[in-house]
Amino acid sequence: MTYDCTVCPGFCCSYDEILLTDVDVARLRAHLGLSEDALITRHTKYGMFRGKARHPLMLKHKPDPHFRTICTFFDLEKRCCTIYDARPDACRDYPHGDTCGYYQFLSFERRLQGDDDHVAVT
Ligand code: SF4
Ligand code: SF4
């Protein structure tokens, strides 16, 4: 593994399209103790997916000081997921390998600036 999410400001959680499967919905409902209607109303939205005219269910966003907006379940102070054990498959699978492009960029910028807390914005 060549990345460390514990020191990252959570760039991947700012992706607009965190899609939810039926399994994700069931897991989130159980974790949060919510009805399907409540979960969908409070925490999800239907949106365009990569500009295509279909409307899958995805996680809502909220304002973020670094990345403009970020997942509704992201802790803005601690910069981490508040529902980690129940996170959707899309979050479990990311970044799909042993490297993370953003983390490489972040590490480079932090080294360059001599600041371990620098938040690199793409
Ligand atoms: S952007 Fe990469 S390093 Fe940062 S939280 Fe996501 S997977 Fe982890
Ligand atoms: S559910 Fe958690 S890991 Fe997934 S995008 Fe939201 S905050 Fe990030």
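You'll find the structure just up there.
I tried to follow the environment of Val121 on my own but got confused; where do I start?
By secondary structure assignment, the location of Val121 is in the segment after helix H4 (101-113). Separated by 53 residues in sequence, Val121 and Arg68 place their C-alpha atoms 9.9 Å apart.

When you look at the pairing of strand S3 (residues 61-64) in this model, what are you seeing that I'm missing?
Residues in a regular strand project their side chains so that they alternate between the two faces of the sheet. The pairing of S3 with strand S4 (residues 68-71) spans four bridges and is classified as antiparallel. From the neighbouring strand, Asp64 faces S4, where its bridge partner is Arg68. Hairpin connection, S3 to S4: the antiparallel pair is bridged by three residues.

Got a minute to help me understand H4 in this structure?
Because an α-helix completes one turn every 3.6 residues, residues spaced three or four positions apart along the sequence face the same direction. Here H4 is 13 residues long and its end C-alpha atoms lie 19 Å apart, about the 18 Å a rise of 1.5 Å per residue gives. Following H4 by one or two positions, Gly114 has its phi on the positive side, about 65°.

Please clarify how the site of ligand 2 should be interpreted in this entry.
Taken together, the residues surrounding ligand 2 are Cys13, Ile18, Leu59, Cys71, Phe73, Phe74, Cys81, Ile83, Arg87, Pro88 and Cys91. The residue inventory of the shell around ligand 2, partitioned by class, reads 10 nonpolar, no polar and one charged.

How do you make sense of the site of ligand 1 when you look at a structure like this?
The environment of ligand 1 is made up of Tyr3, Cys5, Cys8, Gly10, Phe11, Cys12, Tyr94, Pro95, Cys100, Tyr102 and Tyr103. For the shell around ligand 1, the per-class residue count stands at 10 nonpolar, one polar and no charged.

Definitions and limits used
- Residues numbered from 1 in each chain as written.
- Chains lettered and ligands numbered in written order.
- Predicted model: local features only at pLDDT ≥ 70, side-chain atom pairs only at ≥ 80, totals over all residues.
- Helix = DSSP H or I, 4+ residues; strand = E, 2+ residues; numbered from the N terminus.
- Pairing = 2+ DSSP bridges.
- Expected span 1.5 Å × (residues − 1).
- Near = placed C-beta within 6 Å.
- Nonpolar A, V, L, I, M, F, W, Y, C, P; charged D, E, K, R; others polar.

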